[in-house]
Each structure stands twice: as C-alpha cells, then as structure tokens.
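Geometric and topological summary
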Amino acid sequence: MIQSRKPVVAKDGDIYQLIYESNLDSKLEQILIGLMKDNPSSKIEMTIRKFLLYVEHSTENFWTIYYNAKTYQEKLDCYYQFSKNQCLATEVLIRDLDSLSSEEEIKENLNSIMKEGFTF
C-alpha cells in the first residue's frame, strides 16, 4: 500500500532541508538547490518556499482524493489532476523567478542610468 508523507514545509525551516523533504523529482530538487546556492537572496528563497507550500497542498489533496477513490479510473484521474497541478506550480515558479530577475535587471539599469545622468 502506498503511504503519504507528513507535510514538511514550515515557514522557518532550513530551505535546503525543506526542498529535500518535499519529495520532489530529483531533477527538480537539484535545480532548486542549485538556484539557492547561485542566488541565496531572500526573494528567491521566499519564491521557492511559496512553490513548496503549493506542492505540499497539492500532495495532501492528492492523497485525500486517492484514498477516497473507488475505482482505478478515479485514481488515475486523481493522478492526472495531481500531475497537472505540479506542472502549474512549476509554471508559476518560473513566472515568479522571471519577474524577480526582470526586477533586478530594471534596478541595475536604473542605477546605471542614474550614475550616467549625474556624471559630469
């Protein structure tokens, strides 16, 4: 019998431990850990925490529906919806990270413009 894991995402936990304990695909886990190592900003961390929280809720919902399913068709439908939710969570994560990098680029560009504007 398949057993679910207890939710692990907490606001104050170590981000690397949260990523590891979220039971993500190993490739995704490596990407998130690499992202945090390359850019350990609080904005990136909060974006990843938001993603992990969504994944946690999606997983909890999956197991609730799965255990209440009466047929294999219902279980497969449940898994299909879970997979779609995981894809959506990843799309939101990508969008949020894109907006953060755009925000940083805009700040850098504004700083350059300001420096050039006030240089005599």
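Criteria and thresholds
- Residues numbered from 1 in each chain as written.
- Predicted model: local features only at pLDDT ≥ 70, side-chain atom pairs only at ≥ 80, totals over all residues.
- Heavy atoms only, no water.
- Helix = DSSP H or I, 4+ residues; strand = E, 2+ residues; numbered from the N terminus.
- Contact = heavy atoms within 4.5 Å.
- Areas by Shrake-Rupley, 256 points an atom, 1.4 Å probe, with all protein chains shown as cover.
- pLDDT = per-residue confidence, 0-100.
- Expected span 1.5 Å × (residues − 1).
- Buried < 20%, exposed > 50% of the residue type's maximum accessible area, 1.4 Å probe, protein only.
- Arc of directions from axis to C-beta.
- Polar contact = N/O pair within 3.5 Å; in protein donor to acceptor, adjacent residues only side chain to side chain.

Counting secondary structure elements, the protein chain contains four helices and zero strands. Along the protein chain, helices (α) and strands (β) appear in the sequence α-α-α-α when read from the amino end. Pairs at least 24 residues apart make up 62% of the contacts formed inside the protein chain by residues separated by at least 6 positions. With the model as given, the accessible surface of the protein chain reaches about 9,100 Å², and the carbon-plus-sulfur share is 57%.

Put simply, the protein chain has an average pLDDT of 83, and 76% of its residues get 70 or more. By mean pLDDT, the top-scoring element of the protein chain is helix α3 (residues 42–68) (94), and the lowest-scoring one is helix α4 (residues 72–117) (83).

End to end, α3 covers 39 Å across 27 residues, agreeing with the expected 39 Å (1.5 Å per residue, within 8%). Taken together, the buried positions of α3 are occupied by I44, T47, I48, R49, F51, L52, V55, E56, S58, F62, W63 and Y66.

Here the focus is helix α2 (residues 26–38). With 13 residues, α2 extends 18 Å from end C-alpha to end C-alpha; this agrees with the ideal 18 Å at 1.5 Å per step. Inspection of α2 places L28, E29, L32 and M36 among the buried residues, and these make up the whole buried set. Seen from one end, α2 has its buried residues packed into an arc of 105 degrees, which puts them on one side. In α2, the exposed positions that point more than 90 degrees away from the buried face belong to K27, Q30, I31, K37 and D38. The residue sitting at the N-terminus of α2 and contributing the capping side-chain oxygen is D25; that oxygen lies 3.1 Å from the backbone nitrogen of K27.

The subject of this paragraph is the environment of S83. Residue position: S83 is located in helix α4. In this structure S83 comes out as partly exposed when scored by relative accessible area, which is 23%. Separated by 25 residues in sequence, S83 and S58 place their C-alpha atoms 9.4 Å apart.

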